[in-house]
Amino acid sequence: MQAFYTVILSVLFNLSISSCHSSTEGSTAVNLQSVQDGLEVATFAGGCFWCTEAVFERVEGVKDVVSGYTGGKEENPTYYQVSYGETTHAEAVQIYFDPETISYQQLLDIFFATHDPTQLNRQGPDIGAQYRTAVFYHSEEQKKAVESTIKQLDESGLYAKKIVTEVKPYGKFWLAEDYHQNYYELNPGNPYIINIAVPKVRKFKKQFPQWVKASYANEK
């Protein structure tokens, strides 16, 4: 996912990354006023958005997930700018879910279980503040739920180190370029997907089998 990591993979596996660096047009901001009635929104940053999107696409009650950039001050950021650390944004996902089926708390439980919230400004091979762990809350209720979850996890002793997940109010969410949307599904042979994203999806399915959509139940 990180630029240098993608370049290495492109050499080793003869992959083309020209599309990742060809976009000079800025991203567009998501309009939350168009969210379907009855749905709520969660915004999480957990490293590579290819991985995070793939996990939450498989969660029962989640109607849609989009990848993008948030948490920074720059307008209309591009993947090139974000991935090279030229902005203050993080790679993130916007999750549209039905609270009658799955709660925000249950989404938080999945989020914290499928990435390492103790790693500061990195996730695995992806290094930099653009890959930080963060939750951008949309209400005071969401804020309280995140803070309570972090407190409980810290006190549980589950992690050897303290959780460093940022808890910030939601601002703007900039939609990532088209080729990043549903990347996991569209690029199953990508070495990053095979080695980094697939294990995260499998971890989710193993730990939360009750929340796996039926359409993904028999997925390898």
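Residues numbered from 1 in each chain as written. Predicted model: local features only at pLDDT ≥ 70, side-chain atom pairs only at ≥ 80, totals over all residues. Heavy atoms only, no water.

### Notes on the pairing of strand β2 (residues 40–46)
Residues in a regular strand project their side chains so that they alternate between the two faces of the sheet. Buried residues dominate β2, accounting for 6 of its 7 residues. Alignment of β2 against strand β7 (residues 133–137), held across 4 bridges, turns out to be antiparallel. Within β7, the position partnered with Gly46 by the bridge is Thr133. (Buried < 20%, exposed > 50% of the residue type's maximum accessible area, 1.4 Å probe, protein only. Helix = DSSP H or I, 4+ residues; strand = E, 2+ residues; numbered from the N terminus. Pairing = 2+ DSSP bridges.)

### Brief notes about the sheet that holds strand β4 (residues 90–97)
Taking strand neighbours across the sheet as the criterion, the 7 strands line up as β1-β9-β3-β4-β2-β7-β8 in an open arrangement whose pairing is mixed. For this open sheet the edge positions go to β1 (28–29) and β8 (166–169), each flanked by a neighbour on one side alone. Taken strand by strand, helix α3 (residues 49–57) contacts β2, β3 (62–70) and β4, and its axis lies near 165° from that of β3. (Contact = heavy atoms within 4.5 Å. Axes fitted to C-alpha atoms, helices over the stretch in contact; angles between N-to-C directions.)

### A few points about the pattern of salt bridges
In the structure shown here, the tally under the stated rule is 7 salt bridges. Here Glu185 makes a salt bridge to Arg58, at a shortest N to O gap of 2.7 Å. Here Arg58 lies in the loop between α3 and β3 and Glu185 lies in helix α7 (residues 183–186), a separation of 127 residues in the sequence. In this structure Glu185 comes out as partly exposed when scored by relative accessible area, which is 37%. Arg132 is paired through a salt bridge with Glu166; the nearest N and O atoms lie 3.2 Å apart. With Arg132 in the loop between β6 (126–127) and β7 and Glu166 in strand β8, the pair connects residues that are 34 residues apart, well separated along the chain. Since its relative accessible area comes to 27%, Glu166 is described here as partly exposed. A network of salt bridges, in which partner residues are shared, links Arg58, Glu185, Lys205 and Glu219. (Salt bridge = Lys/Arg side-chain N within 4 Å of Asp/Glu carboxyl O.)

### Observations regarding the nonpolar core
Ranked by internal contacts, the top residues of the largest apolar core, which has 47 residues, are Phe44, Phe56, Ile95, Tyr104, Leu107 and Ile110. When neighbours within four sequence positions are excluded, Phe44 is seen to be in contact with Phe56, Ala92, Val93, Ile95, Tyr104, Leu107, Leu108, Phe111, Ala134 and Val135. Judged by nonpolar contacts, the second largest core, of 12 residues, contains Val66, Ala92, Tyr96 and Tyr170. (Core = buried A, V, L, I, M, F, W, Y, C linked by side-chain atoms within 4.5 Å.)

### What about the confidence of the model for the protein chain?
Across the protein chain, the average pLDDT comes to 89, with 89% of residues at or above 70. Long-range and interchain partners of residues 1–24, a stretch whose pLDDT sits below 50, account for 42 contacts in this model, where long-range means more than four residues apart. (pLDDT = per-residue confidence, 0-100.)

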